[in-house]
Amino acid sequence: MIGRLNHVAIAVRDIAKASAVYRDTLGAQVSGKVAQPDHRVFTVFITLPNTKIELLEPMGADSPIAKFLDKNPDGGIHHVCYEVDDIKAARDKLKRQGARVLGDGEPKIGAHGKPVLFLHPKDFCGTLVELEQA
């Protein structure tokens, strides 16, 4: 069902500082900072030869990333994102198998302008999983 690994998301307190680490220390290609108000985060994407890293900075205290950083003050891996050919078919199959889809269960538009869903980490080995329409 799942396709390629689209990205690994890392929650950070200071996206400019984190971007500099990837750009200046590791020599990676780093995008500009983009506001994602529907998800209450700022994002930066680091392009790697085989995938991407997404840096997430909270837009405010009510951001899910702010809550994550409260529990993980140094930041860290927030989720992994896999591509699927048909997000609604994948959702329906996963739900039939007992997986929990977060939110209202309907895909939302993600940072790449494509539909996304999040799956409960307790159903996936303790890892928050994002599915993105390929």
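Below you will find a few notes about this structure. (Residues numbered from 1 in each chain as written. Predicted model: local features only at pLDDT ≥ 70, side-chain atom pairs only at ≥ 80, totals over all residues. Heavy atoms only, no water.)

1. A word on the pairing of strand 4 (residues 41-47)
Looking down a regular strand, the side chains alternate between one sheet face and the other. The cut-off we apply is this: Relative accessibility under 20% of the residue-type maximum defines a buried residue, over 50% an exposed one, and the middle range a partly exposed one, all with a 1.4 Å probe and only protein chains included. Think of it this way: any DSSP run of H or I at least four residues long counts as a helix, any run of E at least two long counts as a strand, and we number them from the N terminus. Note: two strands are recorded as paired if DSSP finds a minimum of 2 bridges between them.
In terms of burial, strand 4 is a largely internal element, five of the seven residues being buried. Where strand 3 (residues 34-36) and strand 4 come together, three bridges link them in antiparallel fashion. Bridge assignment links V34 to a residue of strand 4, and that residue is T43. Hairpin connection of strand 3 to strand 4: four residues between the antiparallel strands, including R40 at a positive phi of 60 degrees. Across seven bridges, strand 4 lies against strand 5 (residues 52-58) in antiparallel orientation.

2. Description of the environment of L119
In plain terms, the rule: Working rule for contacts: check all heavy atoms of both residues, and any pair within 4.5 Å makes them a contact.
Assignment of secondary structure puts L119 in strand 8 (residues 115-119). Sequence-wise, L119 and G98 are 21 residues apart; in three dimensions their C-alpha atoms are separated by 11 Å. The contact partners of L119, leaving out residues within four places of it in the chain, are L94, R100, V101, L102, F124, L128, V129 and L131.

3. Examining the pattern of salt bridges
We count it as follows: A pair is scored as a salt bridge if a Lys or Arg side-chain nitrogen falls within 4 Å of a carboxyl oxygen belonging to Asp or Glu.
One pass over the structure, following the stated rule, counts eight salt bridges. The partner of E57 in a salt bridge is K33, and the shortest N-O contact between them spans 3.3 Å. Of this pair, E57 sits in strand 5 while K33 sits in the loop between strand 2 (29-30) and strand 3, and the two are 24 residues apart along the sequence. D62 is paired through a salt bridge with R40; the nearest N and O atoms lie 3.6 Å apart. Taken together, the positions of D62 in the loop between strand 5 and helix 2 (64-71) and R40 in the loop between strand 3 and strand 4 put the pair 22 residues apart, joining distant regions of the chain. Of the residues examined, D62 reaches a relative accessible area of 47% and is grouped as partly exposed. Judged by relative accessible area, R40 falls into the partly exposed class, the value being 32%. One network of salt bridges, in which partners are shared, links R91, D92 and E106.

4. Quick look at the packing of aromatic side chains
Heads up, the rule is: In summary, the pairing rule links any two rings of Phe, Tyr or Trp, Trp by its six-membered ring, whose centres are within 6.5 Å, and it sorts them by plane angle into stacked for under 30 degrees, edge-to-face for over 60 and tilted for everything else. Should the NZ of a Lys or the CZ of an Arg lie within 6 Å of a ring centre and within 35 degrees of the ring normal, that charge is described as sitting over the ring.
By the definition in use, this model includes zero aromatic pairs. When the ring centre of F42 is taken as origin, the NZ or CZ atom of K33, which lies over that ring, is 4.2 Å away.

5. Overview of the nonpolar core
Convention followed: Among the buried residues, those of types Ala, Val, Leu, Ile, Met, Phe, Trp, Tyr and Cys that are joined through side-chain atoms within 4.5 Å form a nonpolar core.
Among the nonpolar cores identified, the biggest contains 22 residues, and Y22, I53, L55 and L131 are the most heavily contacted of them. Within the residue set of this core, elements represented by two or more residues are strand 1 (2-11), helix 1 (15-25), strand 4, strand 5, strand 6 (76-84), helix 3 (87-96), strand 8 and strand 9 (129-133). Among all residues touching I53, those that are not within four sequence positions of it are V8, I10, Y22, V44, F45, I46 and L48. Core analysis: the next-biggest nonpolar cluster, separate from the first, contains seven residues, A9, V41, F68 and L69 among them.

6. Concerning helix 1
This is how it is decided: It is the directions from the helix axis to the C-beta atoms whose arc is reported.
All of the buried residues along helix 1 are I15, A18, S19 and Y22. Taken end-on, helix 1 shows its buried residues confined to a sector of 100 degrees, consistent with a single buried face. Exposed residues pointing more than 90 degrees away from the buried face of helix 1 are listed as A16, K17, D24 and T25. Those residues of helix 1 that are buried lie in contact with strand 1, strand 2, strand 4 and strand 5.

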